[in-house]
Structure formats: C-alpha cells, structure tokens
Amino acid sequence: MTLRIFFDAPPSASRAFAWGLFDARGVCIREGRDTVDQWPRDDDREAVLAADLAPLLAFKLPPLSASRLESAVRLQLEDRLATPLSAQRIVIGAQQRDGWVRVVLAEHALLEALRKFGIARAFSEAELIAADEDAWHWCVSPEGRGFVRRDRASGGSTFALDLSSEKTLPAELTLALSAETAPPKWLQLHAALPAEMLNSWQQNNHACRLAVEPPWRWTRADPTRFAEATELLPQFETVAPSSSRSSGKGWRIAAVLVGLALALHILATVAVWGSSVWQRWQISRGWQALAVEAGLPDNTNAATIPAQWSRAYAATRHRAGLSAPDDALPLLARAASSLRALPSGTVRSAVYADRAWTFECTSLDATTQKTLEAGLRRAGLQAMSGNTAAGYRIRIQSQEAAP
C-alpha cells in the first residue's frame, strides 16, 4: 500500500491536505483530507505537488550533448524564474527527437520540508496527464484549482490556471493560445462547468474547439503516470566512515588532480591564443599580398584595403557609365526598407556626401532608434547616429566603404 498526499501549499502540520491510499496495482481504494496526525499509517509515503509548486517547462533547443544540455537549459531558466536557480531543484529530461527538452522544478526548501513529513518520493501533478498530439488539457479539481498542459507540438509544458466564473476564457489561456504559431485543434476541459458558462465560452472562443470531460481528480490518474513521473526528491547516498589516513590521501589526490586540470587549462588557453595570433598574422599578410597585386603601395594598412578597393571599384564603374553600390540612389535603396518604418514627417532633411547619406530627424524614442539601426545592419549598412539639440541625426554608408 502507498499513501500519496497532494500538497497544494507548502507542508504545514496544522493544514489539512488531500490524500489517497493506493493498492499494489496503483488503484486508489480510499481517500480523504486530513492533517498529518490523521493520515493513514503506511510505510510508503509519496507527495504529489500541485502544478504551481512543481511546474513542468519545455524548451526547444538545437541538438546538444548531455554536457552542454544542462548549461543551455539553465540559461533559458534565468529569464523565467523569480527566484535564483540555486534555490531550485532542476530535473532535466532527455532531449526528444523534435528538439524539445522537458524540465521539472521544485524549490529546495519545499523538498526539505517534505522529508520532515516522512515523504520518500515526490513528483509533480502536471505529469499525471500525458501531453496529447493536437489538444491542450485544462485540468480543474472540484475545488477549482487547476493547470493547463499543452500538446506535444508545444513541448507538453504546463502552467497553473484556476477556474473562474468569467463569461469568456481566462485571459491567461487566451494569450497562451494566441501565442502559438499552430494552435491546438481541441481544448479538453476537465472541469464541472455550468451549461451557460460553457455556451458562452464556445461562442467567444475562436482559437480551437472545446470538449468537456469529467472534473480532474489526481487520484484517478493512470497508474503508469505515477510510476513514470519525474522524481524530485534527491536521493542521498550513505558514505561509510573512513580513517583519517585515507581521508588525507584522498585530499592529496584531489589536490594533484586540480593542479593537473589547472595546468592543462592554462596550456590550452595559451595554445588557443597563439593559434588566433598566427591566423591573424596570416590574414594580414594575405591582405598585403592582395594589395601589392592590385597596385597599392607596399606599406598600405591592411585594415583600409577593403575601403580602398571599394573606392577603386566605384571609380571603375563610373568610368564605364555605371552606378556603384555606394552611390546616392543604390545606397538609399538599400536603406529604404529600414527608413520606411519611421513615422511620417520624421525626416527633416537628407544630404548625400562622401558616399554617405546624412538624415536629420525629429526626436525618436529609443525603441524606434534601435529598430532602425538594427534594420540597417541587416541590410549590410553602417550607421553612426546620435541625439542632437534639434532631434536625431544618423549617417548611413555601406560597410565596405567604411574606413
């Protein structure tokens, strides 16, 4: 027999929590809601953590080795969590063939508190329902608490969402559906909904079709889902005590290994740095050779050769009666797509001189400036800009012509 307790809040001796008693087949034979001193006595205790206490996230990443996968996932988590990563127990699953990586989180403080209640295993409620192919599942308990599990195309991640009495789908759910490039075909509602609310939701929802299922009960989940859920409680190994001599020997070995690792790191750094210097010298010599072959002086600075070639190329095309890439009209054409994003009446004047356009504009907000300059860089143009007393000034020229 296994006693599973559902924690919808951090453990507390004075708070009542729902529990279920499961037989060897994984079927719930008895359930209730009591404080810890009233729970059935059983040797095997497991914790089912509510989706908001142990969220299930998913990230789509390029194929990565196991050693790099953890670093990539932690980088993704830094912008999503309000608490430091060090405060979280992070369990990373294997990367799927489609690139998705599923991650289950729980705070260390929460897991340590569970141990005081005799809990031997803990997992997230979010994993008790499988991710579907083309449907999202909104699972709401009879008490109104719930979570949404996305479909496999969205990684199968979850987010907490309680039931409300609104006449339209909750804003969080509507935003999540609209953010998907390929919204699911179905939204499975595992909840007790009044008929008038369901009709109102169906009339106002255009993202996907709705289907109503019986209210969500975690005790009725498939027994295989309990067995396959991700273990969140870290298992501590028992280390046999050793003599002080063996302990000292272990420290010496560790110190030698650290010294060797440090020496290898320094050698590798020097080797990489020397290789970079050698490659840069070879590239510089190559530029100088090309400059001599093109008739430029031997002492020509390699950094200015591209700009000199650009001028020579423009002069050759002009002698042939053709335009050059950094002439007024071709240069303006390359910048047109980026300049088109400026509000009407922004540009006060435009002057072309020395193979560059200079635009005097009214004051622009920082977002518009960044968008304009990013678009020019994507077009292969170099932009020098700054705010002036009269507004905003930007000088545009081709990167090849830049000194």
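The structure this text deals with has already been given above.
Note that the coordinates shown come from a computational prediction; the quantities given were computed from them, not determined experimentally.

Student: Help me understand unusual backbone geometry, please; the structure alone is not making it clear to me.
Tutor: Among all residues save glycine, negative phi is the norm, and among peptide bonds the norm is trans. The phi dihedral of D354 falls on the positive side, at around 55°, and the residue is not glycine. Along the polypeptide, D354 turns up in the loop between β14 (347-353) and β15 (356-361). Residue class for D354 comes out exposed when judged on its relative accessible area of 65%. The backbone of R355 sits at a positive phi, close to 60°, despite the residue not being glycine. Take R355: it is sitting in the loop between β14 and β15.

Student: In this structure, what is going on with helix α8 (residues 328-339)? I would like to understand it.
Tutor: Three- or four-residue spacings in an α-helix give side chains the same orientation, since the helix completes a turn every 3.6 residues. Regarding α8, the residues found buried are L331, A335, S338 and L339. For α8, the arc enclosing every buried residue in end-on projection is 75°, short of the 170-degree limit, so these residues lie on one face. Exposed residues on α8 whose side chains face more than 90 degrees from its buried face are L329 and A333. If you follow the buried residues of α8, they end up packed against β14, β15, α9 (366-378), β16 (381-388) and β17 (391-398).

Student: Could you clarify how one ought to interpret the environment of A229 in this entry?
Tutor: Within the secondary structure, A229 is located in the loop between α5 (223-228) and α6 (244-293). Separated by 100 residues in the primary sequence, A229 and I129 place their C-alpha atoms 10.0 Å from one another. Discounting chain neighbours no more than four positions away, the residues touching A229 are R121, F123 and E127.

Student: For this particular structure, what's the right way to read the sheet that holds strand β1 (residues 2-7)?
Tutor: Strand-to-strand pairing in sheets goes through backbone hydrogen bonds, with the strands running parallel or antiparallel. Strands sit in the order β3-β2-β1-β4-β8 across an open sheet of five strands; the sheet is mixed. This sheet does not close on itself; its edge strands, each paired only once, are β3 (28-34) and β8 (121-124). Going across the sheet, the axis of each strand differs from the next one's by a mean of 25°, ignoring polarity. Where strand β4 (residues 44-49) meets β8, four bridges bridge the pair, whose relative direction is parallel.

Student: What am I meant to see in the nonpolar core here?
Tutor: Where a protein is soluble and globular, its nonpolar side chains tend to be buried together. Among the nonpolar cores identified, the biggest contains 43 residues, and F7, W39, L49, W218 and L232 are the most heavily contacted of them. Breaking this core down by element, the ones donating at least two residues are β1, β2 (17-22), β4, β7 (100-107), α2 (108-115) and β8. The biggest single contributor to this core is β2, with five residues. Setting aside anything within four residues of it in sequence, one finds L232 in contact with L49, A54, R89, V91, V104, A106, L111, A122, F123 and S124. Ranked by size, the runner-up nonpolar core spans 19 residues in total, among them V140, L169, L187 and L193.

Cut-offs and rules
Residues numbered from 1 in each chain as written. Predicted model: local features only at pLDDT ≥ 70, side-chain atom pairs only at ≥ 80, totals over all residues. Heavy atoms only, no water. Helix = DSSP H or I, 4+ residues; strand = E, 2+ residues; numbered from the N terminus. Buried < 20%, exposed > 50% of the residue type's maximum accessible area, 1.4 Å probe, protein only. Arc of directions from axis to C-beta. Contact = heavy atoms within 4.5 Å. Pairing = 2+ DSSP bridges. Axes fitted to C-alpha atoms, helices over the stretch in contact; angles between N-to-C directions. Core = buried A, V, L, I, M, F, W, Y, C linked by side-chain atoms within 4.5 Å.

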